[in-house]
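Remarks on the overall topology
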Amino acid sequence: MKRREKLLILTGSLGDGHNKAAQAILEATRLHRPDVDVKVVDFLEWTHPYLHGVGKYCYMQWVKSLPSVYGYLYRKTRDDNTFSHMFKKMKSFSTDRMLALLDEEGPTEVVCTFPGAAAAMSYLKCNGFTTVPTVTVMTDYTDHSYWIHPGTDRYLVGADHVKQALLRYGVQEEHVVVTGIPIRKPFTQAYDRAELRDQHGLDREMPTVLVMGGGHGLIGKQFKSVLQSDELAEPVQFVFVCGRNEKLKQLLEEELGGEKTRHRVKVTGFVDHVHELMALSDLIITKPGGLTISEAMALELPMMLYKPIPGQEQENAAYLVSLGAAIEVKNALELKNQLLEVIANQSLLSKLKENVKMSQQHQDAQHMLRAIFETRHHFVPMADDMRLAYANG
């Protein structure tokens, strides 16, 4: 009897992007390939069941408090060099737990949406523990050495410039497929803006700005000065999504709710209908995470990118600005000035929207799935000389 295919998706909960990409692949597989079993596993939770929560908290505090240090290490390890080789050699997972996972799930393909998971699968394959075909899905519009590992059979990337970067690393062209960054189906559909505004209790005609800080609500309280400024002559409708940051949500409700500003303000925590909020908005102010900006591009929503963290966020911002699809702002004063200009200048907003429409990646879920499932039939088991090269660094 022919073995039923099973897809194991390994993600990691440092930021929401890796999980959102994994969820998009899960949903696409269930929709387009119901003949395939599929399961998502948090690599960090599986390999560090008692410490992953602490590690996640420390990571978020590090990024928020010392972004320049994070940016320095990101740049230092960006290219394939002695420092990045040393970093990649640091084994941060249990081999036994990874082997137990593969034995328990019995996947015919593994997809990694988290670089640590890709590193773990590379270690297992290069040391002869498994030969399961492995696909890495890169979740930003940039490259970094920690995504690139021997034993990876295929890379799915968001844009052609990322593919060209991988080729410069020495990855063979047939192992890289430009699929766009995977997003969930609701972000690829058309919506009636007026109906959505009615549904969410918003004015149909008022300029509407969606403000998001990622799943952890990293847009700070200094934003309130923008809303309290008299320079915004026209009333604007703001929708704040604070993610899991309950403290920020409470602060915004206390300081901007009711009649405290002449603008209309709606504040929410973590929601599962972000696609609707994007579809009803004229502009989004956000951190430039790879998944968030992919979702916004799919819905043709112009972007204002606020204080990107040095590293992949800065690279994502630079890419979108180069396309004319977004404006980058570095502080609250720039934010206020740029917002004033965009709200007052409809032609500028229209130009941004047109550039987003022209530059968006085609999110073809079936194309992405073909690239994943073809891997099993085209990969070549790792040769002994490649294992030796890996072992010798």
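The rules behind these values
- Residues numbered from 1 in each chain as written.
- Predicted model: local features only at pLDDT ≥ 70, side-chain atom pairs only at ≥ 80, totals over all residues.
- Heavy atoms only, no water.
- Pairing = 2+ DSSP bridges.
- Helix = DSSP H or I, 4+ residues; strand = E, 2+ residues; numbered from the N terminus.
- Axes fitted to C-alpha atoms, helices over the stretch in contact; angles between N-to-C directions.
- Contact = heavy atoms within 4.5 Å.
- Phe/Tyr/Trp six-rings, centres within 6.5 Å; stacked < 30°, edge-to-face > 60°.
- Buried < 20%, exposed > 50% of the residue type's maximum accessible area, 1.4 Å probe, protein only.
- Core = buried A, V, L, I, M, F, W, Y, C linked by side-chain atoms within 4.5 Å.
- pLDDT = per-residue confidence, 0-100.
- Parallel < 35°, antiparallel > 145°, perpendicular 65-115°, else oblique.
- Nonpolar A, V, L, I, M, F, W, Y, C, P; charged D, E, K, R; others polar.

Further remarks concern the sheet that holds strand β7 (residues 208-212). Whenever strands of a sheet pair, they do so through backbone hydrogen bonds, lying parallel or antiparallel. Read across the sheet, 6 strands follow the order β9-β8-β7-β10-β11-β12 without closing on themselves; strand pairing throughout is parallel. In the strand order of this sheet, the two ends are held by β9 (264-268) and β12 (326-329), each with one partner. For this sheet, the mean inter-axis angle between neighbouring strands, taken without regard to orientation, is 20 degrees. Across 5 bridges, β7 lies against strand β8 (residues 237-241) in parallel orientation. Paired with Thr-208 across the two strands is Gln-237, which belongs to β8. Running at roughly 165 degrees to strand β11 (residues 303-306), helix α13 (residues 290-298) makes contact with β10 (283-286) and β11 of the sheet.

We now examine the packing of aromatic side chains. Overall, the coordinates contain 4 aromatic pairs when judged by the stated rule. A ring pair is formed by Tyr-123 and Phe-129, whose centres lie 6.4 Å apart and whose planes are at 25 degrees; its orientation type is stacked. A relative accessible area of 42% places Phe-129 in the partly exposed class. An angle of 20 degrees between the planes, with centres 5.1 Å apart, marks the rings of Tyr-141 and Tyr-319 as stacked.

To continue, consider the nonpolar core. Across soluble globular proteins, you tend to see nonpolar side chains buried next to one another. Among the nonpolar cores identified, the biggest contains 34 residues, and Leu-210, Met-278, Ile-284, Met-303 and Leu-320 are the most heavily contacted of them. When residues of this core are traced back to their parent elements, those giving at least two are β7, β8, α12 (274-279), α13, β11 and α14 (312-323). Residue contributions to this core peak at 5 residues, all from α13. If sequence neighbours within four positions are ignored, Ile-284 has contacts with Leu-210, Met-212, Met-278, Thr-292, Ala-296, Leu-301, Pro-302, Met-303 and Met-304. In terms of nonpolar packing, the next biggest core, distinct from the first, is built from 27 residues, Val-226, Ile-285, Tyr-306 and Val-329 among them.

This part takes up the confidence of the model for the chain. Per-residue confidence for the chain averages 85 on the pLDDT scale, and 84% of its residues sit at or above 70. Per-residue pLDDT stays below 50 along residues 382-393; that stretch engages in 20 contacts with residues further than four places along the chain or on separate chains.

On to the packing of helix α1 (residues 17-32) against α13. Where α1 meets α13, the closest approach of the two axes is 8 Å, and the angle between their N-to-C directions is 50 degrees. By the angle between their axes, α1 is oblique relative to α13. Of the residues in α13, those in contact with Gly-17, Lys-20 and Ala-21 of α1 are Leu-291, Thr-292 and Glu-295. Classifying every residue of the contact of α1 with α13 gives 2 nonpolar, 2 polar and 2 charged.

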